[in-house]
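# Summary of structural features
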Amino acid sequence: MGSRDTSELVNALRPEIAERLAPEFRDIYNRYQAPRLRCDQVPYEVYKENKSAYLFPTHEVCGPNVEVSSNTIHQVPVSHPSGEVPVQIYVPTPEAVKSGGLATPSGQLPALINFHGGGFVIGDLGSDVALVRQLSQCAGCIVVNADYRTAPEFPHPTSALDAWDILKWVFANAERLGIDASRVAVSGLSAGGCIAAVLSLLARDHEPQLPPLKLQILIVPVCDVRYVPEEGSCSKDVPYESYISNEFAPMLPLSRLVWFYNYWLGKGAEREEKARDFRASPLLAESHANLAPASIRAAEVDPLVSEAQAYHEKLLAAGSQSKIKIYKGQGHTFPHWDGLNSVSKEFLSDCVDDLREAFKL
């Protein structure tokens, strides 16, 4: 695919970016994304009328939708504003439970609560299906795959508050769901990684009676939204070098962040105020001490990699446990590409190892 005529491609890679990408990632991008417009390249109203035309065909590059014992959808009440959001609960097969060795004598399993990405504007329960099915089966744990309401209809902080209601709902209903409430973790990709980080902060500060979270898996996370401009490029003195070096990165160029954040955070004074809220920028929380251990998984060719590194350093400085792995030659969405990309398979295996270690009896 590397020989495709770039004159045919509406989103051809810049040569200086292409040379930094791993060959597998580059070839997948050139085949599946380069010929297509992204949602951020049209007005939101146009995208909304025909979403599939502007979304990456993840189903063609992801890993298998492995069989699980059950998956059920529950409607969770949320309060800001009042409404409901769905969660889908995946339970591993008896064979996977036995292999994982994580069940209590009474049969309860640990649970991972996962939040999809999409810049707080797009995404739904279908975004991470292959990933969460594999995590459930390979680790032998329950996965609560959670949706949340998105902008522009529901701008910040609705997504974070929906997620907070979901976390509390899982703990309140743990017994009937077969979940061991003493072993709950959170995860998320991109915007979902931001949400997972925020939940770790909220759980520490606002519900201290809850069992402490066992782990936060932050996958290519949003950590500090103050420096993405309302239009154009970042100033050269921006504290995150990857905003400059990866401005034209595949799948998540800076212009895509601009599109997302303008809908999610607004513009002008409103934008500045919301961006300083730790529920949008968890890096700005007053304290990062006594948080759930963090496993941060970042992509090298991604504008968000510098803020992921900064969050890792912030956690360590506060005495919280954190580790980070930056996957070389990968772009932002690589975690979903494990059907065709060997590094994505490595990522999946790393996450399974994280869960088994965090949930071990």
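Quick summary incoming for the structure in this document. (Residues numbered from 1 in each chain as written. Predicted model: local features only at pLDDT ≥ 70, side-chain atom pairs only at ≥ 80, totals over all residues. Heavy atoms only, no water.)

### Side note on the overall build of the protein
Check the secondary structure of the protein and you find 13 helices and eight strands. For 361 residues, the compact-globule estimate of 2.2 N^0.38 gives 21 Å, and the C-alpha radius of gyration of the protein, at 19 Å, lies within 12% of that figure. In terms of overall dimensions, the protein has a C-alpha envelope of 60 × 45 × 40 Å along the principal axes. Taken over 361 residues, the protein has a buried fraction of 60%. Of the contacts made within the protein by residues no fewer than 6 positions apart, 76% connect residues no fewer than 24 positions apart. Only carbon and sulfur atoms are counted for the fraction: they give 50% of the accessible area of the protein, which is about 14400 Å². Once the 33 positive and 44 negative side-chain charges of the protein are each reduced to a mean point, those two points are 3 Å apart. (Helix = DSSP H or I, 4+ residues; strand = E, 2+ residues; numbered from the N terminus. Rg over C-alpha atoms; globule rule 2.2 N^0.38 Å. Buried < 20%, exposed > 50% of the residue type's maximum accessible area, 1.4 Å probe, protein only. Contact = heavy atoms within 4.5 Å. Areas by Shrake-Rupley, 256 points an atom, 1.4 Å probe, with all protein chains shown as cover. Lys, Arg positive; Asp, Glu negative; His and termini not counted. Charge placed at Lys NZ, Arg CZ, Asp CG, Glu CD.)

### Examining helix H10 (residues 254-265)
With 12 residues, H10 extends 16 Å from end C-alpha to end C-alpha; this agrees with the ideal 16 Å at 1.5 Å per step. Judged by how many residues are buried, H10 sits mostly within the fold: 10 of 12 residues are covered. Buried residues along H10 sit in contact with helix H3 (44-49), helix H6 (158-172) and helix H11 (268-275). One or two positions beyond H10, positive phi appears at Gly266, with a value near 80°. (Expected span 1.5 Å × (residues − 1).)

### Topic: the nonpolar core
A general trend in soluble globular proteins is that nonpolar side chains are found buried together. Formed by 81 residues in total, the largest nonpolar core has its most connected members in Tyr261 and Tyr311. Looking at this core element by element, the count peaks at 10 residues for helix H8 (residues 191-206). Apart from residues lying up to four places away in sequence, Tyr261 is in contact with Val222, Val225, Val228, Gly266, Arg271 and Leu304. With 44 residues, the next largest nonpolar core counts Val61, Leu135, Leu189 and Phe359 among its residues. (Core = buried A, V, L, I, M, F, W, Y, C linked by side-chain atoms within 4.5 Å.)

### Here we look at the environment of Leu189
Structurally, Leu189 can be placed in strand S5 (residues 179-189). Relative accessible area serves as the criterion here: at 5%, Leu189 is assigned to the buried category. For the pair Leu189 and Gln75, spaced 114 residues apart in sequence, the C-alpha separation works out to 22 Å.

### Regarding the layout of surface pockets
The computed volume of the largest pocket comes to approximately 1000 Å³. The wall of the largest pocket is formed by 49 residues, among which Leu55, Gly117, Ile122, Gly123 and Ser127 lie closest to the centre. Within the residue set of the lining of the largest pocket, elements represented by two or more residues are H3, helix H5 (129-139) and H10. It is H10 that contributes the most residues to the lining of the largest pocket, four residues altogether. The residue makeup of the lining of the largest pocket, split by class, is 24 nonpolar, 15 polar and 10 charged. (1 Å grid on protein atoms, 1.4 Å probe; cavity = no way out; pocket = protein on both sides within 12 Å on 5 of 7 lines; lining within 4 Å. Points joined across faces, edges and corners; volume = space filled by probe spheres on them. Nonpolar A, V, L, I, M, F, W, Y, C, P; charged D, E, K, R; others polar.)

### As for H6
Taking 1.5 Å as the rise per residue, H6 with 15 residues should run 21 Å; its terminal C-alpha atoms sit 21 Å apart, in good agreement. In terms of burial, H6 is largely enclosed, as 13 of its 15 residues are buried.

### Observations regarding the side chain of Asp180
Tracing the backbone shows Asp180 in strand S5. On the accessibility criterion, Asp180 (10% relative accessible area) is buried. Within the local environment of Asp180, its side chain forms a polar contact with the side chain of Ser182, the two groups lying 2.7 Å apart. Apart from the residues within four sequence positions on either side, Asp180 is in contact with Thr104, Gln108, Leu109 and Pro110. (Polar contact = N/O pair within 3.5 Å; in protein donor to acceptor, adjacent residues only side chain to side chain.)

### Examining the pattern of salt bridges
Opposite charge on two side chains allows them to pair when their charged atoms are near. Under the criterion given, the structure shown has 16 salt bridges. Ionic pairing is found between Arg149 and Asp162, a salt bridge with its closest N-O pair at 2.8 Å. Separated by 13 residues along the polypeptide, Arg149 in the loop between strand S4 (142-146) and H6 and Asp162 in helix H6 bring together distant segments of the chain. Pair check on accessibility: Arg149 and Asp162 agree, each one buried. (Salt bridge = Lys/Arg side-chain N within 4 Å of Asp/Glu carboxyl O.)

### Examining the pairing of strand S6 (residues 215-219)
Burial of S6 is extensive: five of the five residues sit out of reach of the surface. Two strands pair when backbone bridges link them, and S5 and S6 are joined in this way by five bridges, in the parallel orientation. In the strand pairing of S6, Ser187 is matched with Ile217. In this view, the connection linking S5 to its parallel neighbour S6 by way of H8 has right-handed handedness. In terms of strand pairing, S6 meets strand S7 (residues 294-299) through four bridges, oriented parallel. Note on S7: the bridge partner recorded for Ile217 is Ser295. (Pairing = 2+ DSSP bridges. Right-handed = clockwise from strand over helix to strand, strands pointing away.)

### A few points about the pairing of strand S8 (residues 322-327)
Bridge count for S7 against S8 is six bridges, and the pairing is parallel. Among the inter-strand pairings, Ser295 is bridged to a residue of S8, identified as Lys323. Assessed by its sense of winding, the connection that carries the chain from S7 through helix H12 (residues 305-317) to S8 is right-handed.

### A short note on the side chain of Ser190
With respect to the helices and strands, Ser190 occurs in the loop between S5 and H8. When its relative accessible area of 7% is taken as the criterion, Ser190 is described as buried. At a separation of 2.9 Å, a polar atom in the side chain of Ser190 contacts the side chain of His332. When sequence neighbours within four positions are dropped, the list of residues in contact with Ser190 reads Gly117, Ile219, Val220, Pro221, Val222, Leu304 and His332.

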